[in-house]
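# Observations on chain architecture
Take a look at the letters that make up each chain.
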Amino acid sequence: MSLRDFGPNELMFLIMATRWTILLALIAFAGGGVIGLVVAAFRVAPLPPLRWLAAGYIQFFMGTPILIQLFMAYYGSSLLGFRPDPWAAAAITFSLNGGAFFGEIFRGSIDAVPKGQWEASTALGFRFLPTLRLVILPQAIRLMLPPTVGFMVQIVKTTSVASLIGLTELARAATQVNTVTFQPVLVFGTVSLIYFMLCWPLSLYAGYLERKVGQGLQVKTKKPLLLAS
Amino acid sequence: MQTALQFGPVLIHLDRLLAGVGQTVQLAVLSILCGTIIGTLGAIGRSFGPRWVSWPIAAYVELIRNTPLLIQLYFVFFTLPLIGLKFSSGTAAILALSIHLGAYATEILRAGVQSVPSGQIEAAKSLGLSSYRIIRHVVLVPAVRAVYPALSAQFILQLMGTSIVGAIAAEELTAIANNLVMETFRSFEVYIVIAVIYFVLVQAASLIFAGLGRLLFRWKS
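Residues numbered from 1 in each chain as written. Chains lettered and ligands numbered in written order. Predicted model: local features only at pLDDT ≥ 70, side-chain atom pairs only at ≥ 80, totals over all residues.

Turning next to the overall build of chain B. When its secondary structure is counted, chain B shows nine helices and zero strands. Start at the N end of chain B and walk to the C end: the helices and strands fall as α-α-α-α-α-α-α-α-α. Taken across its 221 residues, chain B has 40% of its residues classed as buried. Long-range contacts, defined as pairs at least 24 residues apart, comprise 77% of the intrachain contacts of chain B with a sequence gap of at least 6. (Helix = DSSP H or I, 4+ residues; strand = E, 2+ residues; numbered from the N terminus. Buried ≥ 20, exposed ≤ 12 C-beta atoms within 10 Å, placed from the backbone. Contact = placed C-beta atoms within 7 Å.)

In structure tokens form, the structure reads like this:
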């Protein structure tokens, strides 16, 4: 009853589709990282309206499903007079969405830097941005590394949702192959394995970094690290 | 070109939207219940079980946490009929969502179990409590309290995760939204309304979980 069997061609098709998953994940990571830095800076800014703006941004992107955000970007673009394009919609949505999560991760690490560091910088005459850039971020970066790598796993997995607006990445390639071969165990098993091989090393690395940071802090402060992620 | 937003054609379908909310909440609640049960058993097995129990659980957790929910959904939906189990897409969705949450709940609860000092378990043993009572009162309750914030955050992610089960033709809010788009051609308005509904649902859920946490863990630690 199937049109074709799952053979080397189908496997190759899936592997070739994986590059779009990787590309989309890289775009989301780069875009989300940059936006996340801005959001985190707004979140700890001295001006309350900036903090509220960033908080609202985070609330929206963390409080609605990414699929809905994706649909809004996809169909909203035609409202602005553009032609709906899955790649543009996915790149924008994943960057904005990643920005909210990265913003929260970065802010958490910034908050973990002792308040005295801010006060000392202010006493030395540093303004807000130089303090953040030269004093706070270099200390916070150690703490933000493990959850950042951990969130990269999340990004790779979430790119699969882009298949639902018609972007042909790994998940969509899988459904296409499944439709012609109807060997779901083989098809989705293979695809799971590909995703697993992309994500697992990142997960292990995130866990390793987490233990390293935890140990480093324990030696210094004799207090276990509590990181909300 | 007419680009004004018109919410009227969307809002007259309020009854269908509310039915969708009901289905989404049902999916979320059922899968959270099943997933938590899986997670509790998984965390106990992973922490106290012999190797032939704890290793397969570890493999299950790693496999699920490193693959997308969408693929798990497809796998359950397309594979189960092959072994003779015919489910509706709604049941398949609940099954996949439960298996998904179960892995995350196992990992979260295991961290909670590890946070219980081993001295407390030894003390309970020396007092002659049965293993069931030790796990139930000495381990699980403090463990759940320790990780309750992480657990409720995961539940809220689960609520939003139900939005993709429309991919296997299960009925819920997002699937209804997609139908409304096809009927009204007011795509952007439909998704704005749906986003607002999800936002309210998520805020309500976090309030409920916060209240539940205060109710369940009233005593001082």
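What follows picks up the thread again.
Here we come to the packing of helix α5 (residues 115-123) of chain A against helix α6 (residues 128-158) of chain A. All names here are of chain A. Where α5 contacts α6, the axes come no closer than 10 Å and their chain directions differ by 155°. With respect to their mutual orientation, α5 and α6 come out roughly antiparallel. Where α5 crosses over α6, the two elements pack in a sense that is right-handed. For the pair α5 and α6, the contacting residues are Q117, W118 and S121 in the first and T131, V135, I136 and Q139 in the second. Here the contact of α5 with α6 is built from residues that sort into three nonpolar, four polar and no charged. (Axes fitted to C-alpha atoms, helices over the stretch in contact; angles between N-to-C directions. Parallel < 35°, antiparallel > 145°, perpendicular 65-115°, else oblique. Left-handed = near helix turned anticlockwise from the far one by under 90°. Nonpolar A, V, L, I, M, F, W, Y, C, P; charged D, E, K, R; others polar.)

This part takes up the environment of A:W20. Residues and elements named next belong to chain A. Relative to the elements of secondary structure, W20 occurs in helix α1 (residues 8-43). In sequence terms W20 and T159 are 139 residues apart; their C-alpha atoms lie 9.4 Å from each other. Excluding residues that lie within four positions of it along the chain, W20 makes contacts with T168 and E169.

Residue and element names in this part refer to chain B. One non-glycine residue, A169, adopts positive backbone phi at about 65°. Among the structural elements, A169 can be located in the loop between α7 (131-161) and α8 (173-184). Backbone geometry at F185 places phi at a positive 60°, although glycine is not the residue there.

Among the nonpolar cores identified, the biggest contains 121 residues, and A:L70, A:A174 and B:L73 are the most heavily contacted of them. It is helix α5 (residues 89-114) of chain B that provides the largest number of residues to this core, a total of 14 residues. (Core = buried A, V, L, I, M, F, W, Y, C linked by C-beta atoms within 7 Å.)

The subject of this paragraph is the interface of chain B and chain A. Contact with chain B, which involves 29 residues of that partner, is made by 29 residues of chain A. When contributions to the side of chain B that touches chain A are tallied by element, the ones reaching two or more residues are α3 (51-65), α4 (69-79) and α9 (187-216) of chain B. For the side of chain B that touches chain A, the element with the highest residue contribution is α9(B), accounting for 10 residues. Here the residues of the side of chain B that touches chain A are counted per class, giving 19 nonpolar, eight polar and two charged.

Further remarks concern the confidence of the model for chain B. Here chain B shows a mean pLDDT of 91. Residues at 70 or above account for 97%. For this predicted complex, the interface score ipTM comes out at 0.90, while the overall pTM is 0.90. (pLDDT = per-residue confidence, 0-100.)

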